[in-house]
Amino acid sequence: MEVDFTRIDLIQVGSLSRKTVKVLPLGKKKQQKIVVGDETGIVTSFSVRKGDIVNRFKTLPLSSGVGKEVMRIELGGSSRTKRDKVFAAVGQSIIGLSKKGKEFFRFETTLTEPVRGLFVEGLNIATTGEYTYNQFFDCKDKHFFMANDRINDMLCAPLSSDAELDAVLACQDRMIRAVAGSDLLYEISVPGPVFTIERHFPEVRPGYIASKEFLYGTLNGVFGVVSGNNTSIEQTWWLEAGNTDQPTTGAGGPLTNRHSRAGIHAITEADVTRNGSKDIIIGRDDGSIEVFSFQESNTPPKLRWKTNLNESIQAVDCGQITTTQYNEIVVGTFSGKVLSLTPSSSVPQGYNIATPADDLAQKVASSVEELSRKIKGVQGELEKLSEKVKKEKEKYLKVSQQGISVVQQFKVQSKWQLLPSSASYLLGIETKLPLDCIVLQSDVPIDIDQYDKSVCLISKSKPAPEEENNQFLATIRLLDSSNRLKI
């Protein structure tokens, strides 16, 4: 059976960091709520009712100082099964919010760097910085561990014993490390720098032996599963970069980069194809969203559906958002778009479908009524936006009359990706606003190997001999409006 999804744009917020969009668990109502934190430090929760966005709460900026951006959103609670509280990492602080948006917890840690990774369970709080892992119990230091390389992601699971909460670290040096307390429990090498990691629950598939497994994604486009216990960890399977049809199994298989694939920023699993087993949903750096399904037990999944949103994917989650009949894919992008990918067939298998001759008139009438309601809703939103633009213009005029130069601040995301086949780096630059001109300056010599001349023009300037800290200077002018560039 072919699978297709329809894009539904939900809301627009400020620029997003990784894993700052979460779907709250089911409550009394069968439709779920979404919570999102953005670069302004604001956490917003909303749901969808009859096609309209219903705001549940919207906080004030959680921090007014430097580094006010929400770096991570996590769900926590009193037990491993009940996770209905929202926790946000802002700078060195961890803030807890109830389902109604009321702040009930604030923990000012003693860390010297921003919290990049977060996990909350009961009185246990685990955090990661760039190289360090900390665990707190009742807001007091409990464990500390320093990794050999940068920590890109983290989760916690009972590995050494069911009573303990151990950390699983996704590291830049192609290693997944399990930490029990303050000591390294074990580690395993995988085919790429690990950028994201999540729990994998294969027991939902009949005939599959339940174990403690973890689903990971790498910066070179590889994803796979590792299985661990209290003494060891091993590679179960992985899918190679640039090859989604021929999986590699076992820990010793070679990795063949036939062509490079974008890095994996987000990964999750849920039954979105309605085949009775969990599918793997992947969000990549180039804007690709991919859905993989398991065909048989104990075998790697196969690609079922993919699309591209043309901007970096920062978060992926699943839930019942616009309907109560099936799971949808919720996506957060770098520019702050939160959208839903809904299965195109709105009637699940097993439901009785009336023939067109029986209810054609009713369908036409309901469609016209629904379209009219949506048009009125859009007109109301346009009026609100026009009023907001008018107020902002008045504020700007007041400030400009005082002779103060106002510069708009915006977030820029840049990264280097190593291309082993050509012994070069791929530079990616992305902003929330459209790019017109980029200036590159470096204190070491750089050579631009190749770029698409139909996308941009590059003008190089010779560095002055007396300027030792200026070895490279180039101006890039984009020919078409775009908010991202790769050279």
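Let me begin by describing the structure that accompanies this report.

Analysis parameters
- Residues numbered from 1 in each chain as written.
- Predicted model: local features only at pLDDT ≥ 70, side-chain atom pairs only at ≥ 80, totals over all residues.
- Heavy atoms only, no water.
- Helix = DSSP H or I, 4+ residues; strand = E, 2+ residues; numbered from the N terminus.
- Buried < 20%, exposed > 50% of the residue type's maximum accessible area, 1.4 Å probe, protein only.
- Contact = heavy atoms within 4.5 Å.
- Areas by Shrake-Rupley, 256 points an atom, 1.4 Å probe, with all protein chains shown as cover.
- Core = buried A, V, L, I, M, F, W, Y, C linked by side-chain atoms within 4.5 Å.
- Pairing = 2+ DSSP bridges.
- Axes fitted to C-alpha atoms, helices over the stretch in contact; angles between N-to-C directions.
- Polar contact = N/O pair within 3.5 Å; in protein donor to acceptor, adjacent residues only side chain to side chain.

A few words on the overall build of the chain. Check the secondary structure of the chain and you find 1 helix and 33 strands. Split into buried and exposed, the 487 residues of the chain put 47% on the buried side. Nonlocal contacts in the chain, meaning residues at least 24 apart in sequence, comprise 47% of its contacts between residues at least 6 apart. For the chain, the exposed surface amounts to about 25,500 Å²; the carbon and sulfur share of it is 51%.

Let us now look at the environment of Lys-22. Position of Lys-22 relative to the elements: it lies in strand 2 (residues 21–23). As a C-alpha pair, Lys-22 and Glu-74 span 52 residues in sequence and 7.3 Å in three-dimensional space. If we skip the residues at most four places from it in the chain, Lys-22 touches Lys-33, Ile-34, Val-35, Ile-73, Glu-74, Leu-75 and Asp-317.

Before going further, it helps to spend a moment on unusual backbone geometry. Backbone geometry at Arg-174 places phi at a positive 65 degrees, although glycine is not the residue there. If you trace the backbone, Arg-174 turns up in the loop between strand 15 (166–171) and strand 16 (175–180). Judged by its relative accessible area of 36%, Arg-174 is partly exposed. If you check the backbone angles, Asn-310 has positive phi at about 65 degrees while not being a glycine. Take Asn-310: it is sitting in the loop between strand 26 (302–308) and strand 27 (313–319).

Residues Val-168, Ile-176, Ile-197, Phe-214, Tyr-216 and Val-226 are the most contacted members of the largest nonpolar core, which totals 18 residues. Judged by nonpolar contacts, the second largest core, of 17 residues, contains Phe-5, Ala-270, Val-291 and Leu-341.

It is worth spelling out the sheet that holds strand 32 (residues 456–461) at this point. Adjacent strands of a sheet form backbone hydrogen bonds with each other and so pair up, either parallel or antiparallel. Spatially, the 4 strands line up as an open sheet ordered 30-31-33-32, and their pairing is antiparallel. Unpaired on one side and paired on the other, strand 30 (412–419) and strand 32 mark the two borders of the sheet. Each strand of the sheet is rotated relative to its neighbour by a mean of 30 degrees, with strand direction disregarded. For strand 30 and strand 31 (residues 424–442), the ladder comprises 8 bridges, and the chain directions are antiparallel. Its bridge partner lying in strand 31, Gln-413 is registered against Glu-430.

Another aspect to go through is the side chain of Glu-430. Tracing the backbone through its elements, the reader meets Glu-430 in strand 31. A residue is classified by how much of its surface remains accessible, and Glu-430, at 4% relative accessible area, is buried. Reaching out from Glu-430, the side chain makes a polar contact with the backbone nitrogen of Ser-312 at a distance of 3.0 Å. Here the side chain of Glu-430 touches Arg-484 through a polar contact of 3.4 Å, side chain to side chain.

That is the geometry; function is a separate question.
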